[in-house]
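Tertiary structure, described
Here is what each chain is made of, one letter per residue.
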Amino acid sequence: MNKDVVMVGAGVANVNAATKLIDKGYKGKITIIDMGKDPYLRPYEEVMTGFLGAGGWSDGKLTYHTSIGGQLSKYCGEEKAMELFDQVINNFKRFHPKPEEVQCSNPTAEPDFIKPYFGLRLFPVWHVGTDYLHEIGKNWYNFLVEGGVKFIWETKVSDIDFDNNKVYYPKVAEMDSAGLPEDLSWVNNNVLEYDTLIFGVGKSGIDFGKTLAEKFNLPTEPKPVQIGVRFEAPQKHFQKLIDVSYDFKLYRKFEDKGVSLRSFCTNNNAAYVAVEQTYGDVSYNGHAKKGEEHRNNMTNFGILMEIQGIEKPFDWSRKLVKEVNEFWMDCSRGIGRFARKAHSGLYYSPTRERGMTSEGILVDAMHIDSLNQVKDAFQGYYSYIEDFIEDMKKVFPTLKDDWGIYVPEVKYLSPEPLVNYEDLSLTKFPNVHFVGDALSARGITVSGAQGTLVAEQILSIDDAINEFLSDPVNNKEPHEMGDMHEYIQGGLTMPKEDRKQYLKNEIHNKRSDGYMIKGMEEELKKLEK
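Report follows, based on the coordinates. (Residues numbered from 1 in each chain as written. Predicted model: local features only at pLDDT ≥ 70, side-chain atom pairs only at ≥ 80, totals over all residues. Heavy atoms only, no water.)

**Side note on the packing of aromatic side chains**
Cut-off, in case you're wondering: The aromatic pairing rule takes the rings of Phe, Tyr and Trp, using the six-membered ring of Trp, and pairs them if the centres are within 6.5 Å, calling planes under 30 degrees apart stacked, those over 60 edge-to-face and the rest tilted. Every helix listed is a DSSP run of H or I at least four residues long, and every strand listed is a run of E at least two residues long, numbered separately from the N terminus. Exposure is judged per residue with a 1.4 Å probe applied to protein chains only, and the accessible area is read against the type maximum: over 50% gives exposed, under 20% gives buried, and values in between give partly exposed. Each ring is checked for a lysine NZ or an arginine CZ that lies within 6 Å of its centre and within 35 degrees of its normal; such an atom marks a charge sitting over the ring.
According to the stated counting rule, one finds 34 aromatic pairs in the structure shown. Ring geometry for Phe-92 and Trp-140: centres 5.2 Å apart, planes at 85°, overall edge-to-face. Of the two residues, Phe-92 sits in helix H4 (residues 78–94) while Trp-140 sits in helix H5 (residues 133–146), which places them 48 residues apart along the sequence. Classification of Phe-92 as buried rests on a relative accessible area of 1%. Every member of this aromatic cluster is reached through a ring pair, and the members are Phe-113, Phe-231, Phe-238, Phe-248, Phe-301, Tyr-348, Phe-396 and Trp-403. Just above the ring of Phe-113 sits the side chain of Lys-240; from NZ or CZ to the centre is 4.3 Å.

See below:
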């Protein structure tokens, strides 16, 4: 009994989920809907939406450890988590034009010169190569399309009805020769009906997930604030550490203050700062290019704080980013048609000018001479970042004032919905699964592994239902005895209406496990036709 699967978001989580289903010959209909473009039309600089999401389009590093990148082992255990990681990494190799170039770095010894000031997280990292990601995306996309996956691009889901298994999205207007809508029907929504939904929106859709959680009163777990800056400096200052750990992660923790800091997403050799737009506001990230022609001998990484105890952390982060962006607007006002319409983040450096993007233009940021406005926006927390940079200058003595920061870098984490551990389904809606950023994943490998885990459970349930229905005793159709419609189940005969009421009660009260409930839902649909 194959079911229709709808996936919201075409990021790494759902792409890996769809790949698993296709590989195993899943016969149900698979539909993926995304706000962005397919890999043939998606511009290089469009890093937030589209096929493979943000990470799979601009970051070629796959971390290989369960202690970073978000939760996975808590759901499925260490051994299963590593097996899922392997599947994700093998998929990137599988669609890579030069899989032999995918290499793993695995540092093992923490250098003594780091220890007085920072901890250093050492873990394996698979390096796919940023320059290959777009070609990987095209190969992967071709495979899914050939496998029968339907994609709906450049379309924002407007609503989801978990109670009635429906996804709503706007119709595309059909225009007449004058460029006007031929009728008003285009303002209505299209509807996708699903048996199983995988909700895998990226950072740009986290607000939508928050809205759905509130609408359906989903039980959630609050997540801490994750915010900071993107740090950039010449690579030579960090080379001693890079030789030990290419994608190094410095960290420190202040448990009594509820604050921890870490360096995040380190890029070297040909390292560029990238602009991200989320909810219309600007923040920063980084990526690395492959090839000597792109080398700029720079290093960049995020300095991110994780702050516990903030009331409404999602709203607090949004407010901070907005204040930083509006400072740019306040300082850029003109008169009339010269008034500044766009806005951006900020750049500060004691000595350096803004860097260049990989496209050869200046990074979009306003150069400021003082950090006072930044400190105000961070409400006292910026002092932790300031101390972090000062201690880096002690560990890397040539650094001195040869650095700059782009403000802000942010990881929006809305309250995480509570899910069933075996298949990441919502506790209130067992046919709806949350994955990726929607389940607080912060890395490519974890996101892809979550999607793969869900796909495995869908396949397992599908096999169980098919096996159940293939048994002649369980697959007998209702038959008539006079005016009495009866239903035969496991050798027992009961009136059809009684059976329907029994199934409804079992489903409503959830007295059986997840697998049985889904089987009962399938049986009830059949009886009600």
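**Some points on the environment of Ala-438**
Filter applied, for reference: Residue contacts are counted whenever heavy atoms from the two residues lie within 4.5 Å of one another.
Looking at where Ala-438 falls in the secondary structure, it is placed in the loop between strand S25 (432–434) and helix H11 (444–470). Between the alpha carbons of Ala-438 and Gly-200 there is a distance of 6.0 Å; along the sequence they are 238 residues apart. If we skip the residues at most four places from it in the chain, Ala-438 touches Phe-199, Val-201, Ile-206 and Pro-417.

**Looking at H5**
For clarity, the cut-off: To estimate how far a helix should reach, multiply one less than its number of residues by 1.5 Å. Note that the arc is computed from the directions linking the helix axis to the C-beta atoms.
With 14 residues, H5 ought to run about 20 Å at 1.5 Å a step, and its terminal C-alpha atoms sit 20 Å apart, in line with that. When we look at burial in H5, the residues that qualify are Leu-133, His-134, Ile-136, Gly-137, Trp-140, Tyr-141 and Leu-144. Each buried residue of H5 sits inside an arc of 150° when the element is viewed along its axis, so together they form one side. Looking at the packing, one finds that the buried side of H5 touches helix H1 (12–23), helix H2 (55–58), H4 and strand S7 (150–152). Directly beyond the C-terminal end of H5, a positive phi value near 100° is found at Gly-148.

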